[in-house]
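Summary of structural features
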Amino acid sequence: MLFENVDAHLKLRGQLLQLFQSNRVPHALLLSGKEGSGHFQLGLFFAALLLCKNVDKGPCGHCSSCKKMLSFNHPDFHFSFPIHLSKSEKSEISADHRSSFVEMIKEYHCIGKQTWYAKMGNENKQGVIGVKESQEIIKKLQLKSYEGSRKVLLMWLPELMNLQASNKLLKLIEEPPENTILIFVSDQPHSLIQTIYSRLQHIQVPSLSVDHISQYLRNYFSVDEVEANSIANSSSTNLHRAISLFLSKENTKEYLSLFIKWMRLCYTRNISDTIDWVSDFSKMGRETNKDFLTYSLELFRQCIVNHYQINLEGLSTEEESFLLKFKPFINHKNIIALNDVINDAYYHLERNANVKILMLDVSLKLYKLVRIK
Ligand SMILES: [Zn+2]
């Protein structure tokens, strides 16, 4: 994804290449833009360019350095980003969350604040870059580079550095160690403290157009043209939002087939296949498991609502055609118990219950419940 061509960025990429080729790379660069403008991807592109071994063709995508960048394993490339601070949960520096951060980049390409907070477990809690992080950055960047060339730090959302962290980092920004480049990618550059802001070379990244977003979805997520245009139109020209909309639609398709299979197994009381289903389900990850339970509750709710002649809303054609056949099995005699069973399961999943034991138990309860008419 470092080498994706976002047409709208060609000019800015050219500008960054120009800085590089004419040896005018600033030691602290600020790329600012609205969320979903692709400024984070430009930051990654610039980092890859600075570390690429083929100086004339960078980033070439093939050299050992580019390969390490592509797998986010380059020892001279460092990420820094806001986290939910908690001493007891060992969540004090970015490195404590690096693997989920990289997971998010691989999934979304273009990242967003709310998605990141949700991934850390609470989408309503503001992330912070604290003073421990600044100390860690200073420590890392003082070491010699592993590969003998540059060291690059990319900080996402530097505006979320608290005052202590900002002050601590100030000296490093004024006088970075030799061959060290700092790249700051910001949604709100004016929230940076003035002493830092004034020391950065600033490049503004404009928002992408609806056409560019649609093209991106077609090129990198294989979305067909009609769907890509429709998603791009409802994305408020925010690429991250567009990708999130697309991914949640994809999840919904997967959840529906999982749900249909589960309900069939419960109705036919097929214990050995239920055990297999539960085993596959447990491998999907706890967050997905929780999402699926929420999805199941919503489908049950839609069935009940539809009994009262209220039209089904916000459903795909596949969901609608399934629910029209399935709704007789969900009625006023079992809906309360079904809701309780699923809500309880969600509660226990959140508290780290064993997924296999829990979901087999839930399935056995559903064996009885879906037969109540
Ligand atoms: Zn390269």
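Further up the page is the structure itself.
Here goes a summary of the coordinates provided. (Residues numbered from 1 in each chain as written. Predicted model: local features only at pLDDT ≥ 70, side-chain atom pairs only at ≥ 80, totals over all residues. Heavy atoms only, no water.)

1. A word on the coordination of the zinc ion
The coordination sphere of the zinc ion contains the protein donors Cys 52 (SG), Cys 60 (SG), Cys 63 (SG) and Cys 66 (SG), at a distance range of 2.2 to 2.4 Å. Geometry at the zinc ion is tetrahedral, judged from its 4 donor atoms and the angles of 105 to 117° they form at the metal. Counting the intervening residues between successive donors of the zinc ion yields the motif C-x7-C-x2-C-x2-C. Within this pair, whereas Cys 52 is found in the loop between helix 2 (39–51) and helix 3 (64–70), its partner Cys 66 is found in helix 3, the two being separated by 14 residues in sequence. Judged by its relative accessible area of 7%, Cys 52 falls in the buried class. (Donors = N, O, S within 2.8 Å, 3.2 Å for Na, K, Ca; no water. Tetrahedral: all angles 85-135°; square planar, octahedral: opposite > 155°, others 65-115°. Helix = DSSP H or I, 4+ residues; strand = E, 2+ residues; numbered from the N terminus. Buried < 20%, exposed > 50% of the residue type's maximum accessible area, 1.4 Å probe, protein only.)

2. Side note on the pairing of strand 3 (residues 151–156)
Burial analysis of strand 3 places 6 of its 6 residues in the buried class, which makes it a mostly covered element. Neither face of strand 3 is exposed, since Lys 151, Leu 153 and Met 155 on one face and Val 152, Leu 154 and Trp 156 on the opposite face are all buried. Of the pairings in the sheet, the one linking strand 2 (residues 77–80) to strand 3 comprises 4 bridges and is parallel in character. Along strand 3, the bridge assignment pairs Phe 77 with Val 152. Note that strand 3 and strand 4 (residues 180–186) share 6 bridges and pair parallel. Note on strand 4: the bridge partner recorded for Leu 154 is Ile 183. A crossover links strand 3 with its parallel partner strand 4, the connecting element being helix 7 (residues 163–174), and its sense is right-handed. (Pairing = 2+ DSSP bridges. Right-handed = clockwise from strand over helix to strand, strands pointing away.)

3. Examining the sheet that holds strand 1 (residues 28–32)
Ordered by their spatial adjacency, 5 strands build an open sheet running 2-3-4-1-5, and the pairing between neighbours is parallel. Each edge of the sheet is formed by a strand with only one pairing partner; in this case those strands are strand 2 and strand 5 (201–204). Neighbour to neighbour, the strand axes of the sheet diverge by 20° on average, direction disregarded. In the packing of helix 2 onto the sheet, contacts are made with strand 1, strand 2, strand 3 and strand 4, and the angle to strand 4 comes to roughly 170°. (Axes fitted to C-alpha atoms, helices over the stretch in contact; angles between N-to-C directions. Contact = heavy atoms within 4.5 Å.)

Coordinates in, geometry out; function isn't part of it.
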